Amino acid sequence: MTTASKQDGQDGRTANPFRLLIAAFGANTIAYLGWYTLPLQWAVLSGELGLDQGQTSLVVTAEVLTAAIVSIVMSFVVGARSPRITLGAGVLLALAGHVLALFANGFTGMLATRLIAGVGEGLLWLMLNATVARLDEPDRRFGQVNAVTAVLLAVVVVAAPTLAAQLPARSVYWILVGLTVLLMPSLLPFLLDRQFGAGVAIEKPSLRSVPAWALVAVAALWSMALTVTFSLSLPLGQRTGASEESIHAAIAMSMIGIVSGAGIAGMIGDRFGRVRTLAVIFGIELIASYLLVQWTTPVGFGLTLTVVNGCVYAALPYFLGLAARIDTSGGSAAAVAGAFTLGGGLSPTFGAYLIGLRPAYFAIFIAIAVFTIAAWLGAIFAGRAVTKGY
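Residues numbered from 1 in each chain as written. Predicted model: local features only at pLDDT ≥ 70, side-chain atom pairs only at ≥ 80, totals over all residues. Heavy atoms only, no water.

(A) Representation of unusual backbone geometry in the model. Even without glycine at this site, glutamate 137 takes up a positive phi of about 50°. Structurally, the position occupied by glutamate 137 is in the loop between helix H6 (106-132) and helix H7 (138-166). (Helix = DSSP H or I, 4+ residues; strand = E, 2+ residues; numbered from the N terminus.)

Okay, structure coming up:
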């Protein structure tokens, strides 16, 4: 990147941070809606449309995995000289996928709609993470965006099942269409302001950035292991002997951890150092995940699941912040965010494998411990690269 380009990037960093954060919040929420409504989509696909378990699993997984792959791949091949076009295409494709799901029939039709939505969500993740990465104090900014997004998603998780019961057939897709349309105005300051769009344009990141690729790899593995606690939260809760209603209530309440974790990162930023902060977060995470598989009481389940969720979303902004410092284009931050989502999409399959081991639930903790240590070592490597000006 030339000196002039760096200066332009710095001007873009401070020009319109508030408007950028609003647009990033809207894009982030739209991109996550499909992920956080997967249980409702499963009910519609297997119940109303009569798909078998294998077909249903493929359809709901395709959306998340497509979004993750698009975010990773496009971050390295798109110059993003027209970020407004990329963001606009993303939101229109996501909306189109949800609208088409209202009319599609059968496995092939529904799979196509989820792939379309996934491409749109991937483009949204690409642009929101790349642009936030170019702000001052990216760790804190990522935490702020994730905290505000988590508040709305918590409302969706709690309210969507009740709302779905009042809506016609394919209710979850009506919810997705409605929420996407409601959130679209939040993107207008970014989409309509030519100067603002130019101020956050990203350049092609270097494919030779070994530290960035290391962060992508460890973020995917760490996310795959940690989000097993969410994908297997129902069987983990059933071990406590609590009623299904109580388990679902505890899972919904654990969203408090996501809001709190992201909020803490948004408040403190990197004032204590990224690697040292991650060491503290990971220590708490390992203790909580161990108790989650060993403390088989309803209170223990709800409390430890909340803490684990909090640690995940407290740590994520620091991975994104490291990537933002390694690669000032913002592309590597988008790739790391995509890797986090990719790991989350693979976690149900990985969790099913771990459940088959003996002792099953302790194997979950071992996997979390191994990949968390790998993530911390990757953060140390990336941190040294930042210090050396890699």
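(B) Focus on the layout of surface pockets. Reported here for the largest pocket is a volume of approximately 1400 Å³. Trp35, Leu38, Pro39, Phe230 and Ser231 are the residues nearest the centre of the largest pocket, which is lined by 43 residues in total. In terms of residue count, the dominant contributor to the lining of the largest pocket is helix H18 (residues 331-355) (7 residues). When the residues that make up the lining of the largest pocket are grouped by side-chain class, the tally is 29 nonpolar, 14 polar and no charged. (1 Å grid on protein atoms, 1.4 Å probe; cavity = no way out; pocket = protein on both sides within 12 Å on 5 of 7 lines; lining within 4 Å. Points joined across faces, edges and corners; volume = space filled by probe spheres on them. Nonpolar A, V, L, I, M, F, W, Y, C, P; charged D, E, K, R; others polar.)

(C) Representation of the nonpolar core within the structure. Formed by 110 residues in total, the largest nonpolar core has its most connected members in Tyr173, Leu215, Trp222 and Phe319. Counting residues per element, this core draws most heavily on helix H17 (residues 298-326), which supplies 14 residues. Those residues in contact with phenylalanine 319 that lie beyond four places of it in its chain are Leu215, Val218, Trp222, Leu278, Phe282, Val336, Ala375 and Ala379. Ranked by size, the runner-up nonpolar core spans 7 residues in total, among them Leu236, Ile251, Leu292 and Leu305. (Core = buried A, V, L, I, M, F, W, Y, C linked by side-chain atoms within 4.5 Å. Buried < 20%, exposed > 50% of the residue type's maximum accessible area, 1.4 Å probe, protein only. Contact = heavy atoms within 4.5 Å.)

(D) Representation of the packing of aromatic side chains. Taken as a whole and assessed by the stated rule, the structure comprises 11 aromatic pairs. Plain terms: the ring middles of tryptophan 222 and phenylalanine 319 are 5.3 Å apart, the flat faces sit at 40° to each other, and that makes the pair tilted. Here tryptophan 222 is found in helix H11 (residues 210-226), whereas its partner phenylalanine 319 is found in helix H17, with 97 residues between them in sequence. Of the two residues, tryptophan 222 and phenylalanine 319, both sit in the buried class. A ring pair is formed by tyrosine 290 and phenylalanine 362, whose centres lie 6.3 Å apart and whose planes are at 85°; its orientation type is edge-to-face. A residue pair is termed long-range when its members are at least 10 positions apart, and tyrosine 290 in helix H16 (residues 274-294) and phenylalanine 362 in helix H19 (residues 360-388) qualify at 72 residues. Counting every residue linked through ring pairs, the aromatic cluster contains Trp222, Phe282, Tyr313, Phe319 and Phe340. It is arginine 239 that lies over the ring of tyrosine 361; its NZ or CZ is 4.1 Å from the centre. (Phe/Tyr/Trp six-rings, centres within 6.5 Å; stacked < 30°, edge-to-face > 60°. Lys NZ or Arg CZ within 6 Å of the ring centre and 35° of its normal.)

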